[in-house]
Every structure is written in C-alpha cells, then in structure tokens.
There are 2 protein chains.
Amino acid sequence: MGFSKGLFLRLARGGVVAAEVYDVVIVGAGPAGLTAAIYCVRSGLKAIIVGKVVGGQAAEASLIENYPGFKSIAGFELTSRMAEQVEELGVSIVGDEVVGVKEEDGLFKVRTSWSGELRCRALILAIGAEPRRLGVKGEEEFRGKGVSYCAVCDGPLFRGKRVAVVGGGNSALDAALYLSSLAEVVYLIHRRRQFRAVKALVDKVDGRSNIVKLLGKSPVEIGGDRLVEWIKVRDVETGVEEKIEVKGVFIEIGRAVNSDFLRGFVDLDEYGQIVVDQLCRTSRRGVFAAGDATTIPYKQVVIAAGEGAKAALSAYEYLSSRG
Amino acid sequence: MGFSKGLFLRLARGGVVAAEVYDVVIVGAGPAGLTAAIYCVRSGLKAIIVGKVVGGQAAEASLIENYPGFKSIAGFELTSRMAEQVEELGVSIVGDEVVGVKEEDGLFKVRTSWSGELRCRALILAIGAEPRRLGVKGEEEFRGKGVSYCAVCDGPLFRGKRVAVVGGGNSALDAALYLSSLAEVVYLIHRRRQFRAVKALVDKVDGRSNIVKLLGKSPVEIGGDRLVEWIKVRDVETGVEEKIEVKGVFIEIGRAVNSDFLRGFVDLDEYGQIVVDQLCRTSRRGVFAAGDATTIPYKQVVIAAGEGAKAALSAYEYLSSRG
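Residues numbered from 1 in each chain as written. Chains lettered and ligands numbered in written order. Predicted model: local features only at pLDDT ≥ 70, side-chain atom pairs only at ≥ 80, totals over all residues. Heavy atoms only, no water.

Visitor: Would you mind going over the pattern of salt bridges in detail, with residue names and values included?
Guide: Inspection of the entire model under this criterion finds 50 salt bridges over all chains. Of the charged contacts in the structure, one is a salt bridge between A:Arg234 and A:Glu241, with a shortest N-O distance of 2.8 Å. Accessibility expressed as a relative area gives 38% for A:Glu241, which makes it partly exposed. In this structure, B:Arg162 and B:Glu184 form a salt bridge, with 3.5 Å as the shortest nitrogen-oxygen distance. Taken together, the positions of B:Arg162 in strand S11 (residues 162–166) and B:Glu184 in the loop between helix H5 (170–180) and strand S12 (185–190) put the pair 22 residues apart, joining distant regions of the chain. (Salt bridge = Lys/Arg side-chain N within 4 Å of Asp/Glu carboxyl O. Buried < 20%, exposed > 50% of the residue type's maximum accessible area, 1.4 Å probe, protein only. Helix = DSSP H or I, 4+ residues; strand = E, 2+ residues; numbered from the N terminus.)

Visitor: So what's going on with the sheet that holds strand S16 (residues 241–245) of chain A? Residues and values would help.
Guide: Residue and element names in this part refer to chain A. If you trace the three strands from one edge of the open sheet to the other, you get S14-S15-S16, paired in antiparallel fashion. Taken across any chain shown, the strands that pair with only one partner, and hence form the sheet edges, are strand S14 (217–224) and S16. Strand-to-strand twist across the sheet, computed as the mean angle between neighbouring axes with direction ignored, equals 25°. (Pairing = 2+ DSSP bridges. Axes fitted to C-alpha atoms, helices over the stretch in contact; angles between N-to-C directions.)

Visitor: I'd like a rundown of the pairing of strand S7 (residues 107–112) of chain B, residues and numbers included.
Guide: Residue and element names in this part refer to chain B. Of all six residues making up S7, five are buried, and the element is well covered by its neighbours. In terms of strand pairing, strand S6 (residues 98–104) meets S7 through six bridges, oriented antiparallel. Looking at the pairing, Val98 lines up with Thr112 of S7. Here S6 folds back onto S7 in antiparallel fashion, the turn holding two residues, of which Asp105 has a positive phi close to 55°. As paired strands, S7 and strand S8 (residues 117–125) are joined by four bridges and run antiparallel to one another.

In structure tokens:
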C-alpha cells in the first residue's frame, strides 16, 4: 500500500511527525539549545528542538550586560532574537517536556509528554537548570502569592512595596538590584557573613540606598493571610528570630538540573549535572550536552551558547564519521 | 621622595604604566580576549588587553550569520561592538605585539614591541591565529598587488573582475561566496576532489552561477607584470598545467598560531596550539588561554567568546584562591 507507517503515526498522534528520523534532536530551548540548532542546520543536519521554555532561564534575566555584542539587553529580548534566528533557518521548536530517552535499534528515542516520540541519530541535551527551593515553611503555600523565583517576571507586582531577596550569589544580587528600582525597600537576606557574588555586583548593591543587607540571617518561615505578609529570619550566631514585613519574597539560591530521566543513560555528577568532555561529548556515543545542565561550572549565557555550538559541531563530526 | 619608581618608569617609557601590576593581562583583542576582558572587569579584576588587531581575524569576516543574537552582522561591526563594550567598562586596549612572556618573582612579565613590559598576577592568552601561506612562486612578490588573505578587506578592489580563491574549507567557500557578488567570475581552486566545508556552504556555492569549481587542481605559481595577471594550476592526476587569467588571488587555506614566543612557557601541540583543559587552564598555573589559538578544534566566534568568559572566570577563581 502507499500508506507508510510514518503517515499512520502522523495521523494517530495528531500532527507530530513521529516516524521521521532526525539527524539531531535538541532537548532544551535556552541559549545552548538554540545555538546548537543554528550550527546543526548550517552544517546541513535535520534538527528539531524540544523544550519547555523558549529562552530557558536566560529569558528571565532582567538585563544581561556581559553577552558580547550587546552592552545591555533584556534576557527575554536576547533569547527571542536567538529563537527567531533559529526559526528563520527552518528549525521547529516544539514546546513540550521530554520525559524519557533510550537507545534502540541504532536510534535515540526521545519520549515527550504530549508530542509522542521523536527519533534521531544524535542527541544534544541542553536541558538547563531550574531554581532551587529554599525548603522553609510557607514557601509552597505562598508560591505565586508573594513567593517568586523570578524577579523580572514578578518584580513589577511589588512596585513601591517592601520585598525580600534570599541568597548571596550573583543571581540574588542581580535580583536585589533589579527590584531596588521598583520596590520601596529590598531586604537582602543571606546566611553567611559575606556574599558569594562577584565584586562588581557587591559594589553596586552597596551603592543602592534602599537595599538593606541582612547578613548571617537564615530564613525560617514565610507567612501571611492569603498573600505574603512577612518572612521570619533567624540570626545564625545568636539564634534570635525576627519577622520582617514584606509583600514579596524572591528566592535566588541557585539552580537544580532536572536530569532524573537521564539517570543510567549518561553519566551524571553528584548534583545531577551531565558529565561532558571538552568537546561536549557525554559518556554515551552520539549523545552530546551543553549549557547550564553540564559539569562546566560557569553558568553564563555566552558560555552556554559557545558550548551549544561545540555540541552541534561534535554531533556533525560524529554523524559524518558514521557516513 | 614623593617620586615612586612607577612614576619614573612611566616617564622613561613615554606613557606606559610599566610598574603597575595588573590582576590580568589579556594577550589578544579578538572575540576571546574582548570577552575575557568583560568578565575580568565585572569580576572586579584590574585588566588590560594587548593586541595587534582589535577584533582579530573575526573583524575580517564578511557576514557572520551564526553568532547567536544577530541573524547577520559584519565581522567588523560585531567585534567593534565588543570592543566598545570593553572600553566602556574601563579596560584599555593597547595596540601592540607581545614578543615574550616569563614568570619571575611571582609575577608574569609580558614584553611588548613598543610599550615596554606589563606585569600581572594572571595571564590570559587569546592570541588567535593568522592566515596560512600557500608557499608558491609569486605569492610574496604579489602580496598586496593582487594576492590577498582577506576577501572582505580586498574584495571590493576586484569588482567586475575575475578572481581565484584557493582552498576547500569553510573560510575558502565563505570567501568565494562573498566575492561572487562582487567579481565577474570566481575560480574556486582546491587540491582535493571534495570540499572540506560544511554542506550548507557547498550547497550555496553550487547555487552561484559565477563560481567555477576547479577541483583536483594544485596552484603552482602566481604571476603578472606589476599586478597579478594569472595563476597557474596543475591537475593533481594528469600533471597538466594551465594558466587562469585573474586579477586577484585569495588564499584561504587555514590559519597558523604565532605561538613561538610561548614555547617552553606553556605546553603547545604539534600545530603550535596552546593546550587547554575544559576550564581554559594551560599547563602553567595562573596562565589561561581561549579562542582560535587553543587546542579546541572548532574555530568559531561564539565559541571563542564563550572560552574567553571561561578563561576570565578561571583566572578570577585562581586569583581569589591565592587571596
């Protein structure tokens, strides 16, 4: 018959080209995945991206001032430009979550939540990382009711109000700076006596009169009526607790990689990060990884982009060598 | 006396702040060096760039269409934007050549042709790579008189004329494509029967009616009166030679790293490339490297930029750990 199995699957799964074999499936649509796509298609590879959020975490960055070529650009704008570039090259970006991967019959099979299974000859994992939870009472209850993991997304809701930022790294100080131009007061709460952030950010924070540093204080509870009204912190040395009245709590204590679906498929480190070599190769032949989800310790947009390009060129070399 | 030794040196050497100790001296002003500078200064490090050409080889690229964030941008424009970004952050770019480096009294000392010696606690080598010479008769004689290593710089001189491009990799096909929109005819000469370039470029070349592919032909001489008038090629199989009338010859056969001054200081590979690990560390503590001059095989602007950021963050970690 003229009907191929591919056509059947296409009909059965409502539009997803499941029977097609891609050269490369790229999991993740942040800077690493988008750049990998640019390099795949320019190398003549048939590629598709599956990702939950176009732009990934970078899309949530207020202002990116260290991406070479732009003195200052909103994360959302930068990643939108990258996504447009990718789509103009003819690469589809499927908005879906990958729930499983396996190698079978010489192909990689990528199972998604809604779009069925995608098959490919090489795989690029650019799954990024997600905000880490603080784990205090009230955090889950008040999520979206004053508790936020994204200053840029939710900051404008707190214009003229008092907010807290929890954390001491670059993302926490970035968030505090962003919020300080919107909120009345920003309490910057950090367990240690010193910030881990780079000096440039610490200096900037010192220069903002409405950022109040609460060092050596550990958050213990977030509370309120229906919306957040306060955060309780405990002095790490004295154990004394105090309630600080705030309408918003921004939690910026690092990121976690959602790589459980990769366990046993490629080597992960103790933090769930994908182990890669210098050319973005994982422990499994034909599988490459790039960006914040990998063991490269520096989580920066330009580094993720560079690694994405490397992963694509390594995938190209791998596929070429197999003929 | 109030006169410091620093001031004395400053006067003696005509403006160069030789006695000052930088946290980081960055050698090279291409995308890797410029990005390293952005990350150094944002990390609170006192840095200076020494380089011969601002923008490096990337500045000579006609159109860069694979740098994420710009669908299409002239290499010169992209690198100018990066250099402006660096200078706005307060980093000086010294236009000079580095002729020697050594480690002495716990410092790195960087000797330049004209600006004396720069001293630093960490060193980033982003020296890039330069066009490789073909080595045929007439090449040196007619350099700048029709022989060129930069299609973008010199292409416009050959508007409506016949030119040759020698090479079979990405840069050769890039050059042929660029020239085909200016020149009457572009002869694309390659020793092998197949191009090494990526498929996207080969397809593009196939689509240009005024690019004539001469495969399996080896250039043997470039000649003319005062300016280039012809290139002689030899058929690799038959040995038959023919003269092709051209006004320009663009040589695009790869790049060489000018790393002789680093021999014995850091490990180099057989091509003179600086051996680096995943975090851009060289074989010598406190010395980092990034970009086209390193053993990372993919020579791309976004990769060089990403590696530059890594080198700077590794330098920051190194300096922080030393206190």
